[in-house]
Amino acid sequence: MVLPGSSRNAFVSMPNTQSKAGPRPTPGSGVLDFIAIGLGPFNLSLACLAEPIGDLHGLFLERNEDFDWHPGMLIDDTTLQNPFLADLVSLADPKSQFSFLNYCKQEGKLYAYYIRERFYLSRAEYNRYCKWAIGQLSSIAFGSQVERVEYVERDGGHYVVSGRHVRTGAPFVHRAARLVIGVGSVPQLPPCCEAAREHCIHSAHYVARKRELQGKRSIAVIGSGQSAAEIFYDLLKESDEHDYSLTWITRSPRFFQMENTKLTLEMISPDYIDYFYNLPDHVREGIIARQDSLYKGVNASLINQIYDLLDDRRSRGRNHARLITNSELTGCHYDRAGERFQLRFVQRDEGVQYAHATDGAIFATGYGQNVPGFIDGIRERIRWDDRGRYRLSRNYAIDVNERDIFVQNAGLYSHGLTNPDLGMSCYRNSCILRELTGVEHYKIERRIALQDFSVPDTDAFVKAPLETQ
Ligand SMILES: Cc1cc2nc3c(=O)[nH]c(=O)nc-3n(C[C@H](O)[C@H](O)[C@H](O)COP(=O)(O)OP(=O)(O)OC[C@H]3O[C@@H](n4cnc5c(N)ncnc54)[C@H](O)[C@@H]3O)c2cc1C
């Protein structure tokens with residue numbers, strides 16, 4: 001089946017079977033089972049897992065003309081933070097034709113991969129793998145910017161998704177019983193940068209703006225997550241050629257590594273989601289605030305590489321870099337005449353604030369939740385928390401009936417640190433597909449951890465409410 005106005009669209013299908021969460025009544029003609037909006041790795045994983053399911057009619061709408069995974073951070077030699085098994089499908093279906101190993105086999109790379117023993121793919125290779133998977137899918141319509149979603153009661157009730165084709169500006173309209181929103185997150189600058197916004201370069205645009213930055217005499221890298229570390233290292237490696245000075249400044253008390261010891265990695269699990277999801281809102285907020293080192297830190301190997309290079313530069317009397325922790329950016333002014341940033345920081349431990357002038361600055365200050373404008377037409381069908389964020393059901397639905405609108409990568413405060421992790425994509429998509437079809441097409445692991453996150457429910461551990469102690 002081909003949809004009007006889309007170039008690479010067809011459908012996957014499966015027989016409807018009974019389920020509690022289940023399939024909705026058969027939609028009227030022209031009404032798809034689901035429309036997925038956005039094609040990052042999470043919805044792409046859904047597309048791959050949905051492809052072999054017969055009779056499930058889905059369409060994936062992506063505004064870009066092609067897939068490119070965070071192109072602004074496709075720096076040479078950077079790798080994924082997960083082993084290759086966290087590909088688009090393997091943790092749901094290791095036999096899938098869309099697995100990374102099948103990609104290697106089909107592309108004649110399998111033996112080279114076996115010999116290299118590099119379990120952490122380069123980001124560029126992951127990008128090529130995703131493009132290869134897309135080449136085999138027929139359910140994706142690129143260049144389709146979704147602008148509006150509405151709900152109509154007719155034909156058993158369904159969503160009307162409209163927008164325009166990016167290249168031609170021509171409008172499109174599609175209809176579906178359900179939605180899966182996977183629009184990713186949005187680059188975030190500290191609030192104090194608002195007035196200088198047009199001059200601030202976010203890490204999301206680093207690669208495209210790198211040459212411009214390298215033309216400056218001094219560059220400040222703000223932030224100390226993985227992106228900041230990769231950018232600092234990339235600029236440091238080339239600083240001799242360009243002769244700029246580098247300053248790396250972070251609010252964090254130290255340049256901390258991302259924890260990845262095995263018992264900590266067990267927190268990226270269905271067990272931990274169940275535990276975390278059932279805690280009160282304020283407790284979850286507090287936990288997330290204390291978990292920076294679990295999902296915001298830097299790979300230990302990269303910290304070591306940075307150290308070694310800095311030390312080497314120092315030995316050769318060529319160190320033009322400075323690293324400063326404990327410094328919160330509180331002011332950011334761009335002086336147009338002098339073409340310089342005037343930055344202001346607070347060092348709370350010492351009780352001082354200080355100014356720092358720099359010609360160039362790159363802000364690796366993270367990403368925030370993306371609540372897209374196109375949902376304005378269905379706001380009242382969505383559950384919100386008191387901070388204006390989606391309130392997710394355990395199975396990733398955000399609508400009031402907990403069965404119509406699903407979200408990818410929008411549940412940090414409900415499902416915890418598993419939310420942005422590529423390694424949990426297959427799990428989440430197996431759950432979403434079960435909700436969409438009423439059938440557990442991919443076996444969903446309930447328990448994988450060796451440890452208990454809740455107090456164990458056995459006679460050996462006697463629970464009592466805190467107040468009675
Ligand atoms: C540089 C970087 C490296 C990362 N590395 C890792 C890693 O190694 N391991 C890990 O577990 N996690 C990693 N992450 C975190 C996370 O897994 C990624 O951010 C991942 O890309 C998120 O995927 P997504 O599908 O949610 O969104 P995205 O990849 O952001 O994709 C969203 C898509 O939605 C499209 N879209 C948005 N609005 C519309 C609209 N209105 N109409 C149509 N399309 C729209 C966008 O064009 C985009 O293509 C990394 C994040 C970053 C920034």
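Residues numbered from 1 in each chain as written. Predicted model: local features only at pLDDT ≥ 70, side-chain atom pairs only at ≥ 80, totals over all residues. Heavy atoms only, no water.

A.B. asks: Could you give an account of the domain arrangement of the protein, naming the residues involved and the relevant values?
C.D. replies: For the protein, the domain assignment lists domain 1 (31–184 + 370–437) and domain 2 (188–258 + 296–367). The gap between the C-alpha centroids of domain 1 and domain 2 is 32 Å. Both sides together, the interface formed by domain 1 and domain 2 hides about 840 Å², and carbon and sulfur atoms give 53% of it. Our count for the domain 1 to domain 2 interface comes out at one salt bridge. At the surface where domain 1 touches domain 2, the tally comes to five residue pairs in polar contact (both at pLDDT 80 or more). (Domains from an automatic or database assignment. Buried area = accessible area lost by both parts, 1.4 Å probe. Salt bridge = Lys/Arg side-chain N within 4 Å of Asp/Glu carboxyl O. Polar contact = N/O pair within 3.5 Å; in protein donor to acceptor, adjacent residues only side chain to side chain.)

A.B. asks: Break down the environment of Val-161 for me, with residues and values.
C.D. replies: Mapping Val-161 onto the fold places it in strand E5 (residues 158–165). Owing to a relative accessible area of 0%, Val-161 belongs among the buried residues under this scheme. Look past the residues within four positions of Val-161 in its chain and what remains in contact with it is Ile-35, Ile-37, Leu-61, Val-146, Arg-148, Val-149, Phe-172, Val-173, His-174 and Leu-179. (Helix = DSSP H or I, 4+ residues; strand = E, 2+ residues; numbered from the N terminus. Buried < 20%, exposed > 50% of the residue type's maximum accessible area, 1.4 Å probe, protein only. Contact = heavy atoms within 4.5 Å.)

A.B. asks: How would you summarise the sheet that holds strand E12 (residues 328–335) if you had to cite specific residues and measurements?
C.D. replies: With antiparallel pairing, the three strands of this open sheet are ordered in space as E12-E13-E14. Edge positions in the sheet fall to E12 and strand E14 (352–358), since each of these pairs with one other strand and no more. Pairwise comparison of adjacent strand axes, ignoring direction, gives a mean angle of 20 degrees for this sheet. In this sheet, strand E13 (residues 340–347) lies alongside E12 in antiparallel orientation, the contact comprising seven bridges. From the neighbouring strand, Leu-329 faces E13, where its bridge partner is Phe-345. (Pairing = 2+ DSSP bridges. Axes fitted to C-alpha atoms, helices over the stretch in contact; angles between N-to-C directions.)

A.B. asks: Quick one: what's the story with the site of the ligand, residue by residue and with numbers?
C.D. replies: Among the 29 residues in the neighbourhood of the ligand, the closest are listed as Glu-62, Trp-69, Gln-81, Asn-82 and Leu-422. Contact distances for the ligand include 3.4 Å between an oxygen atom and a side-chain N or O atom of Asn-64. Backbone polar atom of Val-146 to a nitrogen atom of the ligand: 3.1 Å apart, as the coordinates give it. Burial of the ligand by the protein chains amounts to 88% of its free accessible area of 990 Å². (Near = heavy atom within 4 Å. Areas by Shrake-Rupley, 256 points an atom, 1.4 Å probe, with all protein chains shown as cover.)

A.B. asks: Mind laying out the pattern of salt bridges, listing which residues take part and the relevant values?
C.D. replies: Any two side chains of opposite charge can pair, on the condition that their charged atoms come close. A full pass over the atoms with the stated rule returns 36 salt bridges. The shortest N-O distance in the salt bridge between Glu-147 and Arg-164 comes to 2.8 Å. On the criterion of sequence distance, the pair formed by Glu-147 in strand E4 (residues 144–152) and Arg-164 in strand E5 is long-range, its members being 17 residues apart. Judged by relative accessible area, which is 41%, Glu-147 ranks as partly exposed. By relative accessible area, which is 32% here, Arg-164 ends up partly exposed. Arg-434 serves as the salt-bridge partner of Glu-435, at 3.5 Å between the closest nitrogen and oxygen. In this structure, Glu-435 and Arg-434 share a single accessibility class: buried. Within this structure, Asp-240, Asp-312, Arg-313, Arg-316 and Arg-318 form a network of salt bridges that share partners.

A.B. asks: An account of the packing of aromatic side chains is requested, with residue identities and associated values reported.
C.D. replies: Applying the stated criterion across every chain, the model contains 24 aromatic pairs. Ring-pair connections join several aromatic residues into one group, and the members of that group are Trp-69, Phe-84, Phe-100, Tyr-103, Tyr-113, Phe-119, Tyr-126, Tyr-129 and Trp-132. When the ring centre of Phe-42 is taken as origin, the NZ or CZ atom of Arg-428, which lies over that ring, is 4.5 Å away. Directly above the aromatic system of Tyr-396 lies the positively charged group of Arg-428, at a separation of 5.8 Å from the ring centroid. (Phe/Tyr/Trp six-rings, centres within 6.5 Å; stacked < 30°, edge-to-face > 60°. Lys NZ or Arg CZ within 6 Å of the ring centre and 35° of its normal.)

A.B. asks: Provide a residue-level description of the nonpolar core, including the pertinent values.
C.D. replies: Core analysis: the largest hydrophobic core is formed by 74 residues, its most contacted members being Phe-34, Leu-44, Leu-88, Tyr-126, Tyr-129, Val-149 and Leu-433. Here the element with the most residues in this core is helix H1 (residues 41–50); it accounts for seven residues. Residues contacting Leu-44, with those up to four places away along its chain left out, are Leu-39, Phe-67, Leu-88, Cys-130, Ile-134, Leu-137 and Ile-140. One finds Ile-75, Ala-228, Leu-236 and Ala-321 within the second-largest nonpolar core, a separate group that totals 25 residues. (Core = buried A, V, L, I, M, F, W, Y, C linked by side-chain atoms within 4.5 Å.)

A.B. asks: Could you give an account of H1, with specific residues and numbers?
C.D. replies: H1 sits mainly inside the fold: ten of its ten residues count as buried. Those residues of H1 that sit buried are Pro-41, Phe-42, Asn-43, Leu-44, Ser-45, Leu-46, Ala-47, Cys-48, Leu-49 and Ala-50. Elements in contact with the buried residues of H1: strand E1 (31–37), strand E2 (58–61), helix H4 (123–134), strand E3 (140–141), strand E6 (171–181) and helix H14 (425–437).

A.B. asks: Kindly report on the confidence of the model for the protein, identifying the contributing residues and their values.
C.D. replies: Mean pLDDT over the protein works out to 92, with 94% of the residues at or above the 70 mark. Across residues 1–21 the pLDDT falls below 50, and counting only partners more than four positions away or on other chains, this stretch makes 63 contacts in the model. (pLDDT = per-residue confidence, 0-100.)

A.B. asks: Tell me about the environment of Gln-347, residues and numbers included.
C.D. replies: Checked against the element boundaries, Gln-347 lands in strand E13. Of the residues examined, Gln-347 reaches a relative accessible area of 12% and is grouped as buried. Counting along the chain gives ten residues from Gln-347 to Ala-337, while the straight-line C-alpha distance between them is 29 Å. Beyond its immediate chain neighbours, meaning those up to four positions away, Gln-347 contacts Asn-326, Ser-327, Val-352 and Tyr-354. Within polar-contact distance, the side chain of Gln-347 engages the backbone nitrogen of Glu-350 at 2.9 Å.

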